[in-house]
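Descriptive structure summary
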Amino acid sequence: MSSKRTVASIAEFCKAQISSLTATLVDFAVTALLFRFCGVYYVWSTFLGSVTGGVVNCVVNYKWTFNGNGQSKRSVAIKYCLVWGGSIVLNTWGTAIGARILSGKSDIGLDSVLLSKVIVAVLVAVLWNFLMQKYFVYKKRK
């Protein structure tokens, strides 16, 4: 791999992480607001946060990270939804399981939910979202 391609790949990875962080902040804010102030069950709060964050992530990645311009929006949307579905399942159930483990009891607090969410979100962002978006959703055609 040439040094020019290496720099471009690193830049793309960094952009993806910025996009992911932005989406995660939106996700966490929605989760916390729904759980703490609206009394929504933590699994549903997590799910709705993931949905909101996913929309933000798709838009930012299409326009900035992977420069999806020129690709069929419909094709990108379908592939993104498949990857996003996997991400939602991994984030939702990973957070639910992690929150139960971290709390050690049935009374789960916001701190357990958010700590679990942070750990799971980082793992899912790097090991699932980035790789699937780069090599499947926004794969460049030769």
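Before reading on, note that the structure itself is shown above.
Below is a short write-up of the structure. In this text the structure is predicted, and so the values were computed from the model without any measurement.

Considerations on the overall build of the protein
Counting secondary structure elements, the protein contains four helices and zero strands. Reading the protein from its N terminus to its C terminus gives the helix and strand order α-α-α-α. With the C-alpha coordinates aligned to their principal axes, the bounding extent of the protein is approximately 55 × 30 × 20 Å. The proportion of buried residues among the 142 residues of the protein is 41%. In the protein, of all internal contacts separated by at least 6 residues, the share reaching a separation of at least 24 is 71%. With an accessible surface of roughly 8400 Å², the protein has 70% of that area assigned to carbon and sulfur atoms. One finds the centroid of the 16 positive side-chain charges in the protein at a distance of 19 Å from the centroid of its 4 negative side-chain charges.

Here we look at a nonpolar patch on the surface
On the surface, Phe13, Leu102, Leu115, Val118, Ile119, Val122, Leu123, Val126 and Leu127 cluster together into a nonpolar patch covering about 760 Å² of accessible area. Here Leu115 lies in helix H4 (residues 110-137). Judged by relative accessible area, Leu115 falls into the partly exposed class, the value being 45%.

What about the packing of helix H3 (residues 73-103) against H4?
Relative orientation and spacing of two packed helices are given, respectively, by the angle between their axes and the distance between those axes. Viewed as axis vectors pointing N to C, H3 and H4 meet at an angle of 155 degrees, and their least axial separation amounts to 8 Å. With respect to H4, the element H3 is oriented roughly antiparallel. Relative to H4, H3 is oriented so that their crossing is right-handed. Within the contact of H3 with H4, the residues separate by chemical class into 16 nonpolar, 11 polar and two charged.

Remarks on the side chain of Thr65
The residue Thr65 is located in helix H2 (residues 42-65) in this model. When its relative accessible area of 5% is taken as the criterion, Thr65 is described as buried. Contacts of Thr65, omitting those with residues within four sequence positions, involve Glu12, Lys15, Ala16, Ser19 and Val60.

Here's the deal with the pattern of salt bridges
Summed over the entire model, instances satisfying the criterion amount to two salt bridges. The salt bridge involving Lys117 is made with Asp27; its shortest N-O contact spans 2.9 Å. Of this pair, Lys117 sits in helix H4 while Asp27 sits in helix H1 (residues 3-37); the two residues are 90 residues apart in sequence, bridging distant segments of the chain. We classify Asp27 as buried; its relative accessible area is 10%.

As for the packing of aromatic side chains
For the structure on display, the rule yields six aromatic pairs. Ring pairs connect the aromatic residues Phe13, Phe66, Phe130 and Tyr138, which therefore count as one cluster. Its end group placed over the ring of Phe136, Lys79 keeps NZ or CZ at 5.8 Å from the ring centre.

What counts and what doesn't
- Residues numbered from 1 in each chain as written.
- Predicted model: local features only at pLDDT ≥ 70, side-chain atom pairs only at ≥ 80, totals over all residues.
- Heavy atoms only, no water.
- Helix = DSSP H or I, 4+ residues; strand = E, 2+ residues; numbered from the N terminus.
- Buried < 20%, exposed > 50% of the residue type's maximum accessible area, 1.4 Å probe, protein only.
- Contact = heavy atoms within 4.5 Å.
- Areas by Shrake-Rupley, 256 points an atom, 1.4 Å probe, with all protein chains shown as cover.
- Lys, Arg positive; Asp, Glu negative; His and termini not counted.
- Charge placed at Lys NZ, Arg CZ, Asp CG, Glu CD.
- Patch = residues over 30% accessible without salt bridge, like charges linked within 9 Å, V, L, I, M, F, W, Y side chains within 5 Å.
- Salt bridge = Lys/Arg side-chain N within 4 Å of Asp/Glu carboxyl O.
- Axes fitted to C-alpha atoms, helices over the stretch in contact; angles between N-to-C directions.
- Parallel < 35°, antiparallel > 145°, perpendicular 65-115°, else oblique.
- Left-handed = near helix turned anticlockwise from the far one by under 90°.
- Nonpolar A, V, L, I, M, F, W, Y, C, P; charged D, E, K, R; others polar.
- Phe/Tyr/Trp six-rings, centres within 6.5 Å; stacked < 30°, edge-to-face > 60°.
- Lys NZ or Arg CZ within 6 Å of the ring centre and 35° of its normal.

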